[in-house]
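Read off the chains here:
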Amino acid sequence: GAVVSQHPSWVICKSGTSVKIECRSLDFQATTMFWYRQFPKQSLMLMATSNEGSKATYEQGVEKDKFLINHASLTLSTLTVTSAHPEDSSFYICSALDRGVLDTQYFGPGTRLTVL
Amino acid sequence: GQQLNQSPQSMFIQEGEDVSMNCTSSSIFNTWLWYKQDPGEGPVLLIALYKAGELTSNGRLTAQFGITRKDSFLNISASIPSDVGIYFCAGQLSPNAGKSTFGDGTTLTVKP
C-alpha cells in the first residue's frame, strides 16, 4: 500500500508555544490530505481537509486560527497548533488521498502531542 | 450527518477462534473500508469494498459490502495474537472529496 509519513512522531511542548506537524505522501501525489485527532479509546475525529494550493476546509467546531493548515506541495501538508494548551494534547493523525486508487485514504503513523 | 454503528464495541476471544464484526448505517455509502489500528500507530487499510454485494478476502480476513449499501462486515478466521488491535470501519460517499465517516471501532483481544 501507499506510504504516508508524519513528523515528529511525538512532541512535548510548553503551554503557549506553537507546534508544527508534517504529513508527507512518500510514493504518490496527494492533492487532498486530511487531519484527524484521536482521544484515547475513541474513534478518529476529522478536523479539516487540506487541499493543495487552496485553503483548508475545517469541520464544524474546529478553530481555523488555532489549527493552521498549509498544503504547499502535492506531497506535503503541515498542521500547526498555535498557542498550544494542555487540552490540545492528543494523538494527531493525517491521511493522504490516493485518487489513483479509487479515493483510498492512507494514514500516517500519527503524532503524539503533549502540552505541559 | 451520516453515522456508522459498529459492533461489537469489544471482543475477547481465544486464539484460533473466528471473529465477526459489522457496521451499519442509516444511509448508503458507495465505498466501505476496514482499517486496523495498533496502539500508538495510525490506522492501516485492510480491505476496501467498492460494489454492493462485493466479497473480498485478504489472507484470513474477509469483508463484504452489503447489498443495501448500508452495512458491511469483517470476518477474521483462525485468530492469532497479532490480530489484537482496534478495527475501524469507514464509509465513503462519492463525490464527497474523499471524506470518510468512521465507526467507533471494535477492540479485539486475543488470548493465547
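Up top is the structure.
Keep in mind it's a predicted model, so treat the numbers as computed, not measured.

**Examining the state of the cysteines**
Link 1 in the chain: Within the structure shown, the criterion is met by two disulfides over all chains.
Link 2 in the chain: Cys23(A) shares a disulfide with Cys94(A); S-S distance 2.0 Å. On the sign convention where negative means left-handed, the S-S torsion of about 80° between Cys23(A) and Cys94(A) marks this disulfide as right-handed. With Cys23(A) in strand β3 (residues 19–25) and Cys94(A) in strand β9 (residues 90–98), this residue pair connects regions lying 71 residues apart in the sequence. Like Cys94(A), Cys23(A) is buried.
Link 3 in the chain: Each sulfur of the disulfide joining Cys23(B) and Cys89(B) lies 1.6 Å from the other. Between Cys23(B) and Cys89(B), the disulfide has an S-S torsion of -70° and is therefore left-handed. With Cys23(B) in strand β3 (residues 19–25) and Cys89(B) in strand β9 (residues 85–92), the pair connects residues that are 66 residues apart, well separated along the chain. An identical accessibility class is assigned to Cys23(B) and Cys89(B); each is buried.
Link 4 in the chain: Of the cysteine sulfurs around Cys13(A), a residue in no disulfide, the closest is that of Cys94(A), at 18 Å.
Link 5 in the chain: The exposure class of Cys13(A) is buried, given its relative accessible area of 10%.

The rules behind the values
Residues numbered from 1 in each chain as written. Chains lettered and ligands numbered in written order. Predicted model: local features only at pLDDT ≥ 70, side-chain atom pairs only at ≥ 80, totals over all residues. Heavy atoms only, no water. Disulfide = S-S within 2.5 Å. Helix = DSSP H or I, 4+ residues; strand = E, 2+ residues; numbered from the N terminus. Buried < 20%, exposed > 50% of the residue type's maximum accessible area, 1.4 Å probe, protein only.

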